[in-house]
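# Coordinate inspection notes
Letter by letter, the chains look like this.
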Amino acid sequence: MKILLKGGRVIDPSQNLDQIADVLISDGKIEAILPNISAEDARVIDCQGLIVCPGLIDMHVHLREPGEEWKETIETGTKAAVAGGFTAVACMPNTKPPNDNAEVTRFILKKAEEAGLARVYPVACITRGQKGESLTEFGELKEAGAVALSDDGYPVSDAGLMRLALEYAKNFDLPIISHSEELALSKGGHVNEGLASAKLGLKGIPAEGEAIAIFREAMLAKLTGTPIHIAHVSTKEGVEIIRRAKAEGIPVTAETAPHYFSLTEEATFGYQTNAKVNPPLRSEADREAIIKALADGTLDVIATDHAPHSPLEKLCEFEKAACGLIGLETALPLALRLVREKVISLSRLVELMSCNPAKILAVPGGSFKPGEVADVTVFDPEKRWVVDEKALHSKSKNTPFLGW
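Structural notes, computed from the coordinates. (Residues numbered from 1 in each chain as written. Predicted model: local features only at pLDDT ≥ 70, side-chain atom pairs only at ≥ 80, totals over all residues. Heavy atoms only, no water.)

### Concerning the packing of helix α4 (residues 159-172) against helix α7 (residues 207-224)
Running from N to C, α4 and α7 cross one another at 45 degrees; their axes reach a closest spacing of 10 Å. By the angle between their axes, α4 is oblique relative to α7. Crossing angle aside, the handedness with which α4 passes α7 is right-handed. For the pair formed by α4 and α7, the contact residues are A159, M162, R163, L166, E167 and K170 on the first element and R216, E217, L220, A221, L223 and T224 on the second. Residue classes in the contact of α4 with α7 are distributed as six nonpolar, one polar and five charged. (Axes fitted to C-alpha atoms, helices over the stretch in contact; angles between N-to-C directions. Helix = DSSP H or I, 4+ residues; strand = E, 2+ residues; numbered from the N terminus. Parallel < 35°, antiparallel > 145°, perpendicular 65-115°, else oblique. Left-handed = near helix turned anticlockwise from the far one by under 90°. Contact = heavy atoms within 4.5 Å. Nonpolar A, V, L, I, M, F, W, Y, C, P; charged D, E, K, R; others polar.)

Below, the structure is given as structure tokens:
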């Protein structure tokens with residue numbers, strides 16, 4: 001089957017491409033990109049006035065299956081993904097049971113195939129049961145289909161074990177994704193330490209807890225020579241450490257999430273549990289540092305950290321509320337605000353949300369080079385819509401962006 005995407009603005013940073021052109025797809029692969037293509041046997045889609053780019057890839061989502069299907073399933077999560085413009089997602093391993101063995105990895109892939117929507121790339125655990133005590137079988141997990149390793153939700157607190165994980169992962173070409181948090185500083189905290197903790201009378205989580213953990217990971221990457229990817233960066237201190245590490249040639253990449261460049265700790269005022277996330281929403285200075293880091297290349301990826309929770313886990317006292325918000329359907333429009341504000345270009349947005357995630361995870365996509373897999377996102381950058389709980393495709397509705 002052939003598909004012809006006609007007359008869109010084609011943006012592909014992997015080829016320095018930004019022009020009005022046609023894209024011809026044949027048998028699921030990119031065949032050609034030219035100013036005017038005729039193909040009588042192709043299904044033609046009019047893309048005039050629209051952006052055509054390599055499919056968006058969210059390298060940090062929680063799909064909750066197996067074990068917490070009342071929050072989200074692989075089917076509902078991938079419905080939300082494609083509604084938000086994502087052709088692929090990488091799902092974190094803190095399911096129940098956690099994805100620390102080949103059986104769970106294969107189950108996730110089977111469910112994704114049955115759903116038949118976005119591609120799903122399982123991220124497996126670094127340690128058994130995410131307990132931070134002993135490593136999982138990296139080789140078996142990779143063979144089953146895992147594309148990366150992380151204990152996301154928990155840091156690997158033992159530096160020696162993390163060093164071993166990095167050395168071991170190098171043998172299997174499996175990226176390590178670090179949840180960088182110093183638990184001795186953050187444990188028992190609910191909001192950013194500063195204005196939010198003072199105003200709400202809650203224990204705070206200091207920015208230094210993230211910075212210390214990121215510094216350790218950078219030093220371990222330097223020691224082992226193994227690349228490390230830092231998840232959900234939220235602080236200016238964390239950004240600065242990543243910037244210095246990169247300048248030194250240390251193999252570090254990093255992501256942030258739309259809520260860290262769109263909101264501050266003030267969103268938690270009034271005990272708004274939909275704005276309770278980990279790491280917490282930070283200060284305006286942190287938000288500005290995150291935006292600058294997206295523009296100057298210090299941060300490599302925008303990922304959602306899509307974390308669905310049921311009303312039971314959010315409609316309660318702030319201290320008891322679960323951390324996390326859903327983000328798959330709001331990520332692209334929030335990132336487009338940065339384009340409208342001339343902070344980043346559309347090409348940079350595609351880099352952050354497609355090319356770089358594909359490169360870091362070493363998965364298909366992120367490019368329109370002939371012969372590449374034809375994962376394509378087409379969107380209208382001027383379309384206006386209101387975030388409405390009833391219209392969201394995710395099973396959960398925990399987002400602070402309702403009504404935006």
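### Some points on helix α13 (residues 346-361)
The end-to-end C-alpha distance of α13 is 22 Å, a good match for the 22 Å that 16 residues give at a rise of 1.5 Å each. Largest kink in α13: about 40 degrees, centred on L352. Of all 16 residues in α13, 13 are buried, a share of seventy percent or more. Phi turns positive, to about 55 degrees, at A362, one or two residues after α13. (Expected span 1.5 Å × (residues − 1). Bend = angle between axes of the 7 residues up to and from the residue. Buried < 20%, exposed > 50% of the residue type's maximum accessible area, 1.4 Å probe, protein only.)

### Overview of the pattern of salt bridges
For side chains bearing opposite charge, pairing can occur when the charged atoms are close. Inspection of every chain in the model, using the stated rule, returns 22 salt bridges. Measuring nitrogen to oxygen at the nearest pair gives 2.8 Å for the salt bridge that ties E114 to K110. Note that E114 and K110 are positioned in helix α2 (residues 102-115) at a spacing of four residues, about one turn of the helix. Salt bridges sharing partners connect three or more residues here, namely E65, K110, K111 and E114. (Salt bridge = Lys/Arg side-chain N within 4 Å of Asp/Glu carboxyl O.)

### Things to note about unusual backbone geometry
Among all residues except glycine, the phi angle is most often negative; among peptide bonds, the trans geometry is most common. Cis rather than trans, the peptide bond between K96 and P97 has omega equal to 5 degrees. Following the sequence through the fold, P97 ends up in the loop between β7 (86-91) and α2. Each neighbour pair has its own omega, and for N278 with P279 the value is 0 degrees, a cis peptide bond. Mapped onto the secondary structure, P279 falls in the loop between α9 (258-262) and α10 (284-296). Of note in this structure, N16 is not a glycine but carries a positive phi near 50 degrees. Tracing the backbone shows N16 in the loop between β1 (2-12) and β2 (17-26). Since its relative accessible area comes to 76%, N16 is described here as exposed. Here D305, not a glycine, exhibits a phi torsion of approximately 55 degrees, which is positive. Topologically, D305 is positioned in the loop between β15 (301-302) and α11 (311-314).

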